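Spelled out from the first residue to the last, the chains are:
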Amino acid sequence: AHLKYISLGVLVCQTTSLVLTLRYSRTQNEEGTRYLPSTAVVAAEVLKLVACILLVYKENNYNLRTLNHVVHEEIFNKPMETLKLAIPSGIYILQNNLLYTALSNLDAATYQVTYQLKILTTALFSVSMLQKKLSKHQWVSLLILMAGVACVQWPTGSSTPTTGVSEGSSLVGLMAVLAACFSSGFAGVYFEKILKETKQSLWIRNIQLGIFGWMFGLIGVFIYDEGVFTIKGILPGIQ
């Protein structure tokens, strides 16, 4: 019981600090080139891939030969199973890039509340894809959640622009976070469906996600930030 509460507290702190840090890094007034969100997404995918490989290494008693055998057998010798993760991986990359766009245009509080709509989208996709049944209390809770998000977005009549955010950009941020909510719900339920239908471990599945993730992320870097990338390198703004 204590471990559950500690995990919940750590999760809350991690989520809150992440949002505030990303918001600050995207809106602070500072001279020079900012870092590219697309390269930050790639770096995060590489780190997750390395972390999952280390966990599989630990599960196999720190034996490199066994690790190599497991990775080769579960990933490369089962190409169709691995390809199933390409869809959620691509969606997660899109979602992570959308979140940077949202945080560049919305204040942290509005973003955090609006992004909770992913609970609603996840529930809807769970009902449609996994045939889950929700109780009346759960449906009422989801409706209250929608009402709360709507109240947050209700115009206040204040004409004072938010510091660091251009006028009219709140619409872009709102569209980005809503798209991220739908992509998060679909990708999460799709990934859960794959986990239930196969016997591969969670860490192996995350390695498969990471392999496609950094590949799709690099494609995004070359498509959207090729000009900056070719001139200033993959990590501009990082001193």
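Residue indices begin from 1 for each chain and proceed along its sequence in written order. Reporting of local features is limited, given that this is a predicted model, to residues whose pLDDT is at least 70; pairs of side-chain atoms are given and counted only at 80 or more, and all residues count toward the totals for whole chains, interfaces and linings. Hydrogens are left out, water is left out, and the side-chain values use all remaining heavy atoms of the structure.

- In the nomenclature of an unreviewed UniProt entry, the chain corresponds to UDP-N-acetylglucosamine transporter from the organism Hymenochirus boettgeri.
- UniProt positions are given in the numbering used here, feature names are shortened, and annotations may be inferred rather than shown by experiment. Taken from UniProt, the Sequence similarities (unreviewed entry) comment for the chain reads in full: "Belongs to the nucleotide-sugar transporter family. SLC35A subfamily."
- Quoted verbatim from the Subcellular location (unreviewed entry) field of the UniProt record, the comment on the chain reads "Golgi apparatus membrane".

## Thoughts on unusual backbone geometry
Here is step 1: Of note, Tyr62 is a non-glycine position whose phi angle comes to about 55 degrees, a positive value.
Here is step 2: Numbering of helices and strands starts at the N terminus; helices are DSSP runs of H or I of at least 4 residues and strands are runs of E of at least 2. Positionally, Tyr62 belongs in the loop between helix H2 (37-59) and helix H3 (64-76).
Here is step 3: Its identity as a non-glycine residue notwithstanding, Gln131 has a phi of 55 degrees, on the positive side.
Here is step 4: Examined against the element boundaries, Gln131 turns out to sit in the loop between helix H7 (117-129) and helix H8 (136-153).

## Here's the deal with the packing of aromatic side chains
Here is step 1: Pairing of aromatic side chains here covers Phe, Tyr and the six-membered ring of Trp, requires ring centres within 6.5 Å, and sorts the geometry by plane angle: under 30 degrees stacked, over 60 edge-to-face, intermediate tilted. Applying the stated criterion across every chain yields a total of five aromatic pairs.
Here is step 2: Ring geometry for Phe212 against Phe216: centres 6.2 Å apart, planes inclined by 20 degrees, an arrangement best described as stacked. Of this pair, Phe212 and Phe216 both sit in helix H10 (residues 202-224), four residues apart, which is roughly one turn of the helix.
Here is step 3: Per-residue accessibility, obtained with a 1.4 Å probe over protein chains only, is compared with the maximum for each type, and a residue is labelled buried under 20%, exposed over 50%, and partly exposed between these values. For Phe212, a relative accessible area of 12% translates into the label buried.

## Here's the deal with the pattern of salt bridges
Here is step 1: For this analysis, a salt bridge means a side-chain nitrogen from Lys or Arg found within 4 Å of a carboxyl oxygen belonging to Asp or Glu. Evaluation of the coordinates by the stated rule reveals seven salt bridges.
Here is step 2: Residue Glu45 is joined to Lys48 by a salt bridge in which the shortest nitrogen-to-oxygen separation is 3.0 Å. Placement of the pair is Glu45 and Lys48 together in helix H2, with a separation of three residues, close to one helical turn.
Here is step 3: Residues Glu192 and Lys132 are paired through a salt bridge, measuring 3.2 Å at the closest nitrogen-oxygen approach. Note that Glu192 is positioned in helix H9 (residues 169-197) and Lys132 in the loop between H7 and H8, a separation of 60 residues in sequence.
Here is step 4: Looking at Lys132, the relative accessible area reads 34%, which means it is partly exposed.
Here is step 5: Through salt bridges that share partners, Glu81, Lys84 and Arg205 make up one connected network.

## Some points on the nonpolar core
Here is step 1: The set of buried Ala, Val, Leu, Ile, Met, Phe, Trp, Tyr and Cys residues whose side-chain atoms join them within 4.5 Å is what this entry labels a nonpolar core. Formed by 24 residues in total, the largest nonpolar core has its most connected members in Tyr111, Tyr115 and Val177.
Here is step 2: Those elements that place two or more of their residues in this core are helix H1 (2-27), helix H5 (86-105), helix H6 (108-114), H7, H8 and H9.
Here is step 3: For this core, the element with the highest residue contribution is H5, accounting for six residues.
Here is step 4: Counting residues in each nonpolar core, the second largest holds 10 residues, with Leu130, Val189, Tyr190 and Phe212 among its members.

## A few points about the packing of H1 against H5
Here is step 1: Fitted lines through C-alpha atoms serve as axes, helices being fitted only where they are in contact, and the angles separating the N-to-C directions of these axes extend from 0 to 180 degrees. Where H1 meets H5, the closest approach of the two axes is 8 Å, and the angle between their N-to-C directions is 70 degrees. When the axis of H1 is compared with that of H5, the two are roughly perpendicular. For H1 against H5, the interelement crossing comes out right-handed. When H1 is examined against H5, the residues Val19, Leu22, Arg23, Arg26 and Thr27 are found in contact with a partner set consisting of Tyr100, Leu103, Ser104 and Asn105.
Here is step 2: Looking at side-chain class alone, the contact of H1 with H5 contains four nonpolar, three polar and two charged residues. Any angle between 65 and 115 degrees counts as roughly perpendicular, while under 35 counts as roughly parallel, over 145 as roughly antiparallel, and the rest as oblique. The crossing is said to be left-handed when, going from far helix to near helix, the turn is anticlockwise and less than a right angle, and right-handed when the turn is clockwise. Should any heavy atoms of two residues lie within 4.5 Å, those residues are considered in contact. Any residue outside Ala, Val, Leu, Ile, Met, Phe, Trp, Tyr, Cys, Pro, Asp, Glu, Lys and Arg is labelled polar, Gly included; the first ten of those are nonpolar and the last four are charged.

## Regarding H10
Three or four residues apart is the spacing at which side chains of an α-helix point the same way, because the helix has 3.6 residues per turn.
Here is step 1: The terminal C-alpha atoms of H10 lie 32 Å apart, and with 23 residues this matches the ideal 33 Å at 1.5 Å per residue to within 8%.
Here is step 2: By the burial criterion, the buried members of H10 are Ile204, Arg205, Ile207, Gln208, Leu209, Gly210, Phe212, Gly213, Gly217, Gly220 and Val221. A helix is expected to reach a length of 1.5 Å times the quantity of its residues less one.

## Some remarks on the UniProt feature "transmembrane region" (unreviewed entry) in the chain
Here is step 1: Within this numbering scheme, the UniProt entry marks residues 36-57, 139-156, 168-191 and 203-224 as carrying the feature "transmembrane region" (unreviewed entry).
Here is step 2: Between the end C-alpha atoms of residues 36-57 there is a gap of 32 Å, over a span that is 95% helix and 0% strand.
Here is step 3: End C-alpha to end C-alpha, residues 203-224 measures 30 Å, and it is 100% helix and 0% strand.

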